[in-house]
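# Geometric and topological summary
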Amino acid sequence: MKLVIKYLKPFGFSLLIGFCIKVAGTLAELALPYILSHMLDVVVPANKPTPELPNGNLTPVFIWGGVMLLCAVAALVLNIVANRMAARVAKNAAQAVRHDLFAKTMRLSPGQTDAFGIPELETRLTSDTYNIHHFLGMIQRIGVRAPILLVGGIAMSYFLDWRLATVMVCLLPFIGVSVFFISRRGVPLYSASQQAGDNMVRVVREDIGGIRVIKALSKKEYERERFDGVNRALVKCEKRASLTMALTNPLITILLNAGLVAVVLVGAFLVNESLSMQGRIISFIQYFTLISNAMIVINRIFIMTTKCMASANRIGQVMSAPEELGAQPACAAHPSSDHIVFEDVSFSYNKEQDDLQNISFSLPRGATLGIIGATGSGKSTLLRLLLRNYDPDRGNIYIGGKNVRTMDHEELCSHFGTAMQNDFLYADTVRENICFGREIDDASLTCAIRTAQAEEFISAFPEGCEHMLTSKGTNISGGQKQRLLIARALAGNPEILILDDASSALDYKTDAALRQNLRKSFANTTTVVVAQRVSSVMHADLILVLDEGKVIGSGTHEQLLENCPVYREIRDSQMGGALLE
């Protein structure tokens with residue numbers, strides 16, 4: 001709960017004011033049964049009808065009735081004010097939690113994101129923050145009122161009749177022990193339920209993302225059964241948690257009803273023996289009702305606290321994740337004047353077997369690097385190391401003579417423009433998808449669109465750059481989407497352009513025009529191209545041929561045709577495409 005307390009601290013003054021108002025309203029509510037007892041046992045008997053006043057003296061009755069009305073109105077108004085303040089604090093605190101959690105999620109390294117999992121991060125941002133929001137509102141509204149009603153009700157009960165109060169208080173330890181042990185068991189059950197919810201979100205996310213493939217392969221029934229499996233698992237976990245925590249309500253009700261019966265029996269005996277009065281018994285039963293309701297509410301608080309603790313722990317795991325890729329102390333610059341240098345770089349995802357091994361190359365500023373190889377050869381992994389999504393296990397990477405480990409995130413990212421094969425487009429205009437929140441002037445935007453070969457189809461839209469795209473760009477073709485992504489990468493005039501299979505959906509003519517325009521309009525930009533087609537990399541100044549994480553060929557297109565059988569085999573298998581080129 002340290003996380004919750006941390007986010008409540010900035011609202012300390014509002015919490016204090018709201019607490020005081022809530023206490024005042026609850027005390028006004030507590031006064032009502034005592035005033036009723038005073039009226040029934042003192043005011044009414046003292047002003048009963050007499051020969052002089054056949055109707056009795058009603059003035060004191062009206063006065064005390066007015067006092068009861070004022071207390072009732074005060075309790076109503078003060079509770080409404082306190083509840084509104086509580087809702088405002090809960091909303092603002094939960095908003096701060098969501099803001100910081102999202103910001104932290106954006107700062108997680110790709111390795112940490114993989115470890116948590118995208119569905120788990122989504123549920124932490126939604127369901128878990130909602131649980132905290134609900135808890136913060138409830139604890140201020142009824143978490144203050146219920147203990148005061150409980151303690152105040154017991155105190156007023158002792159003030160009215162200590163014998164009846166003792167009968168009632170004897171039951172409270174049994175209730176407290178029962179709630180404690182049941183709630184203690186509920187925390188791991190709610191954690192398991194939330195994990196099951198993460199699994200269901202993951203399956204839903206996968207099915208929605210792959211709905212076209214599912215329909216094309218007629219696997220709707222298969223996916224329905226897979227969803228039913230995780231749905232049943234979630235229901236099972238929620239059922240266990242709910243049944244366990246649901247034991248508290250009937251248990252408290254049985255104990256409280258038993259106490260009420262005992263109070264009525266003892267009260268009847270005391271009245272019969274003239275040791276107590278009827279008004280006092282009626283007031284005592286009202287206090288007992290308040291205490292009973294307070295105990296039930298406290299039970300609800302325990303249940304919600306259990307959920308909140310589980311959610312806060314899950315959020316805390318993300319918030320406390322260390323910064324894995326922070327800037328390290330500056331070191332000596334690399335002696336080479338080349339723009340990008342890989343110096344004997346090795347890397348492994350699982351830290352057992354290298355996914356990249358002893359990668360070394362240098363690339364001058366403005367040159368083009370082509371990377372080609374079979375699926376799983378390590379092409380995209382090399383790019384991730386260059387972008388510093390991960391740090392190499394061995395070796396160093398330099399950009400402009402500086403080790404990338406010594407650059408902070410903003411400095412490093414400012415060098416790059418990236419277009420990946422599976423990058424996303426969001427539901428907004430073409431302009432906004434290219435600018436992506438950056439201050440891009442019209443000249444740079446037009447240049448990027450023209451270079452990316454996107455001008456023709458964008459101008460065909462009636463709205464031009466103001467044409468609205470759907471989420472993930474489903475209302476344009478794959479080739480159009482890739483050209484928009486390339487335009488986005490170029491719009492910021494980057495020092496280093498990374499194209500990770502970003503032209504796979506382009507025809508050979510468009511691909512060739514794209515490369516020609518890049519050489520013309522972005523001559524000083526260092527370009528790194530990952531591709532499956534020889535035609536996309538054959539004009540590069542340096543080509544790396546990767547196989548199982550190793551460089552098995554390095555050089556220009558002509559040199560590799562002479563010295564690298566694998567490259568020559570790839571070229572020969574794609575000769576039809578090369579001839580078209």
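Residues numbered from 1 in each chain as written. Predicted model: local features only at pLDDT ≥ 70, side-chain atom pairs only at ≥ 80, totals over all residues. Heavy atoms only, no water.

Turning our eyes to something else, we now look at the pattern of salt bridges. Under the counting rule described, the total for this entry stands at 19 salt bridges. Note that glutamate 323 and lysine 104 form a salt bridge whose closest N and O atoms lie 3.5 Å from each other. In this pair, glutamate 323 sits in the loop between α11 (278-319) and β1 (340-347) while lysine 104 sits in helix α3 (residues 59-107), placing the two residues 219 residues apart along the sequence. Here the salt bridges share partners, and the residues they tie into one network are Lys104, Arg107 and Glu323. (Salt bridge = Lys/Arg side-chain N within 4 Å of Asp/Glu carboxyl O. Helix = DSSP H or I, 4+ residues; strand = E, 2+ residues; numbered from the N terminus.)

The next point concerns the environment of alanine 491. Note that alanine 491 resides in helix α17 (residues 478-491). Using a relative accessible area of 3% as the deciding quantity, one classes alanine 491 as buried. Taking the C-alpha atoms as reference points, alanine 491 and cysteine 447, 44 residues apart in sequence, are found 7.6 Å from one another. Discounting chain neighbours no more than four positions away, the residues touching alanine 491 are Ile434, Arg438, Ile440, Ser444 and Ala448. (Buried < 20%, exposed > 50% of the residue type's maximum accessible area, 1.4 Å probe, protein only. Contact = heavy atoms within 4.5 Å.)

Our next topic: the side chain of arginine 483. Mapped onto the elements, arginine 483 comes out in helix α17. Buried within the structure, arginine 483 lacks any salt-bridge partner; its nearest side chain of opposite charge belongs to glutamate 456, at an N-O separation of 5.7 Å. Polar contacts involving the side chain of arginine 483 include one to the main-chain carbonyl oxygen of glutamine 453, which spans 3.0 Å. In this view, arginine 483 contacts Ala452, Gln453, Ala454, Phe457, Leu506 and Thr510; residues no more than four positions away in its chain are not counted. (Lys, Arg positive; Asp, Glu negative; His and termini not counted. Polar contact = N/O pair within 3.5 Å; in protein donor to acceptor, adjacent residues only side chain to side chain.)

Take the sheet that holds strand β10 (residues 550-555) next. In spatial order, the strands read β6-β7-β8-β3-β9-β10; together these 6 strands make up an open sheet with mixed pairing. Single-partner strands in this sheet number two, and they are β6 (416-420) and β10. With direction set aside, neighbouring strand axes in the sheet form an average angle of 15°. Each of β3 (368-373), β6, β7 (496-500), β8 (526-530) and β9 (542-547) touches helix α12 (residues 379-386); the most contacted strand, β3, lies at about 140° to it. In the packing of helix α21 (residues 565-573) onto the sheet, the strands contacted are β3, β9 and β10, and the crossing angle to β9 comes to about 100°. (Pairing = 2+ DSSP bridges. Axes fitted to C-alpha atoms, helices over the stretch in contact; angles between N-to-C directions.)

Here the focus is the sheet that holds strand β4 (residues 394-399). Read from one edge of the open sheet, 4 strands run β2-β1-β4-β5, paired in antiparallel fashion. Of all the strands in the sheet, the pair left with one neighbour each is β2 (356-363) and β5 (402-403). Where β1 lies against β2, 5 bridges are found, and the strand directions are antiparallel. Its bridge partner lying in β2, isoleucine 340 is registered against leucine 363.

Mapped onto the elements, aspartate 228 comes out in helix α9 (residues 220-246). For aspartate 228 and methionine 200, which are 28 residues apart along the polypeptide, the C-alpha to C-alpha distance reads 9.2 Å. A distance of 2.6 Å separates a polar atom in the side chain of aspartate 228 from a polar atom in the side chain of arginine 224.

Under the definition given, this model contains 0 disulfides. Residue cysteine 447 stays outside any disulfide, its sulfur separated by 13 Å from that of cysteine 435, the closest cysteine. (Disulfide = S-S within 2.5 Å.)

Contact pair helix α15 (residues 442-451) / helix α18 (residues 508-521): the axes reach a minimum separation of 9 Å and the direction vectors enclose 145°. In this structure, α15 contributes Cys447, Arg450 and Thr451 to the contact, and α18 contributes Leu514, Asn517, Leu518 and Ser521. Broken down by class, the residue content of the contact of α15 with α18 amounts to 3 nonpolar, 3 polar and 1 charged. (Nonpolar A, V, L, I, M, F, W, Y, C, P; charged D, E, K, R; others polar.)

This paragraph deals with the side chain of serine 311. Turning to its location among the elements, serine 311 is positioned in helix α11. Discounting residues that sit within four places of it in the chain, serine 311 has contacts with Asp128, Asn131 and Gln194.

Taken as a class, soluble globular proteins show a tendency for nonpolar side chains to be buried jointly. By size, the foremost hydrophobic cluster in this structure holds 53 residues, and its most contacted members are Val4, Ile132, Leu136, Leu150, Ile175 and Met295. Looking at this core, the elements that each hand over two or more residues are α1 (2-8), α3, α5 (118-160), α6 (162-169), α7 (172-209), α10 (248-272) and α11. In terms of residues, this core owes the most to one element, α11, which gives 16 residues. Residues Ala452, Leu490, Leu518 and Leu560 belong to the second largest nonpolar core, which totals 44 residues. (Core = buried A, V, L, I, M, F, W, Y, C linked by side-chain atoms within 4.5 Å.)

What follows is about the layout of surface pockets. Looking at the second largest pocket, its volume works out to about 400 Å³. Contributing to the lining of the second largest pocket are 19 residues, with Ser127, Ser193, Gln194, Leu234 and Glu238 lying nearest its centre. When residues of the lining of the second largest pocket are traced back to their parent elements, those giving at least two are α5, α7, α9 and α11. For the lining of the second largest pocket, the leading source of residues is α7, giving 7 residues. For the lining of the second largest pocket, a count of residues per class yields 5 nonpolar, 8 polar and 6 charged. (1 Å grid on protein atoms, 1.4 Å probe; cavity = no way out; pocket = protein on both sides within 12 Å on 5 of 7 lines; lining within 4 Å. Points joined across faces, edges and corners; volume = space filled by probe spheres on them.)

In total, this model carries 8 aromatic pairs according to the counting rule given. Taken together, a centroid distance of 4.9 Å and an interplanar angle of 80° make the contact between phenylalanine 347 and tyrosine 349 edge-to-face. According to the relative accessible area criterion, tyrosine 349 is partly exposed, its value standing at 34%. Directly above the ring of tyrosine 222 sits lysine 219, whose terminal nitrogen or CZ lies 5.9 Å from the centroid. Looking at arginine 533, its charged tip hangs above the ring of tyrosine 508, at a distance of 4.6 Å from the centre. (Phe/Tyr/Trp six-rings, centres within 6.5 Å; stacked < 30°, edge-to-face > 60°. Lys NZ or Arg CZ within 6 Å of the ring centre and 35° of its normal.)

For the rest of this paragraph, the subject is the pairing of β9. Within β9, 5 of the 6 residues are buried, leaving the element largely enclosed by the surrounding structure. As paired elements, β3 and β9 share 5 bridges and run parallel to each other. In the sheet register, isoleucine 372 faces β9, and the bridge partner there is valine 545. Where β9 lies against β10, 5 bridges are found, and the strand directions are antiparallel. In the sheet register, isoleucine 543 faces β10, and the bridge partner there is glycine 555. What sits between the antiparallel neighbours β9 and β10 is a turn of 2 residues, in which glutamate 548 has the positive phi angle 55°.

Once that is clear, we can look at α18. Look at α18: 20 Å from first C-alpha to last across 14 residues, which is about the 20 Å you get at 1.5 Å a residue. Turning to α18, its buried residues number three or more, namely Thr510, Asp511, Leu514, Arg515, Asn517 and Leu518. Take α18 and look down its axis: the buried residues cluster within an arc of 165°, on one side only. Exposed side chains of α18 directed beyond 90 degrees from the buried face belong to Lys509, Gln516 and Lys520. For α18, the secondary structure elements touched by its buried residues are α15, α17, β7 and α19 (534-537). Its side-chain oxygen 3.1 Å from the backbone nitrogen of lysine 509, aspartate 507 forms the N-cap of α18. (Expected span 1.5 Å × (residues − 1). Arc of directions from axis to C-beta.)

Any link to function would need more than the numbers given here.
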